[in-house]
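Observations on the model geometry
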Amino acid sequence: PMPEKPTEIVVPREKAVFRLDGRGRWCNAHGVFRNRRISDYFHSAIRRDEGGYFVCQEHGDHVEKVYFPYEDTALFVVDVDLAADIRLRLNTRREVVLKPADLFVAGDSLYAALDGERIKFSERAMQKLAEAMEFTENGYFIRVSGRSHRIHEAGGQGA
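The paragraphs below set out a description of the structure included in this document.

The rules behind the values
Residues numbered from 1 in each chain as written. Predicted model: local features only at pLDDT ≥ 70, side-chain atom pairs only at ≥ 80, totals over all residues. Heavy atoms only, no water. Salt bridge = Lys/Arg side-chain N within 4 Å of Asp/Glu carboxyl O. Helix = DSSP H or I, 4+ residues; strand = E, 2+ residues; numbered from the N terminus. Buried < 20%, exposed > 50% of the residue type's maximum accessible area, 1.4 Å probe, protein only. 1 Å grid on protein atoms, 1.4 Å probe; cavity = no way out; pocket = protein on both sides within 12 Å on 5 of 7 lines; lining within 4 Å. Points joined across faces, edges and corners; volume = space filled by probe spheres on them. Nonpolar A, V, L, I, M, F, W, Y, C, P; charged D, E, K, R; others polar.

**Re the pattern of salt bridges**
Applying the stated criterion across every chain, the model contains 14 salt bridges. A salt bridge links Glu71 to Arg19, with the shortest nitrogen-to-oxygen separation between them at 3.2 Å. Placement of Glu71 in the loop between strand E7 (62-67) and strand E8 (75-81) and of Arg19 in strand E2 (residues 19-20) is noted, with a sequence separation of 52 residues between them. Judged by relative accessible area, Glu71 falls into the exposed class, the value being 56%. Judged by its relative accessible area of 36%, Arg19 falls in the partly exposed class. Across the pair Asp79 and Lys128 runs a salt bridge, and its minimum N-O distance is 2.8 Å. Note that Asp79 is positioned in strand E8 and Lys128 in helix H2 (residues 123-129), a separation of 49 residues in sequence. Among the ionic contacts, a cluster of salt bridges with common partners joins Glu8, Asp49 and Lys65.

This is the structure:
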């Protein structure tokens, strides 16, 4: 016989007891999560389906999907490796190679578009990326593999 699929418990966004702020920090009624391991775990458990972003936790005989509110985006670049090709590490632990054409500036923040997702650069990632970037009267540029690429600016709050 086929193994039974675990029961799925879905918690809607408005019932979630945690949220993601605009800086990529998990918060609850008591404020920002202080335990780094719990924060890292929540980030690594982010998934997306037609209902939006959720944190997925498996508990033996059931799976819990908690859709959560977020201020700006649920995905963040948390680390940058400035090797020959710039590699981005996301809060979900996924690693991707930066394509300069995917970058855009909106408001005071830098984002990358990836597979239809909007990914915001955390302050730490921006500090690391700063040495590959420059700002002139013509806009923002990033240097990748010895070539300078213009970063386009999005109007308003998105791409």
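And the narrative resumes.
**Details of the layout of surface pockets**
Reported here for the largest pocket is a volume of approximately 820 Å³. The wall of the largest pocket is formed by 31 residues, among which Arg23, Gly24, Val78, Ser122 and Arg124 lie closest to the centre. Taken together, the elements giving at least two residues each to the lining of the largest pocket come down to helix H1 (36-44), E8, strand E9 (87-90), strand E12 (109-114), strand E13 (117-121) and H2. Take the lining of the largest pocket: its biggest share by element is 4 residues, from H1. Along the lines of polarity and charge, the residues of the lining of the largest pocket split into 12 nonpolar, 8 polar and 11 charged.

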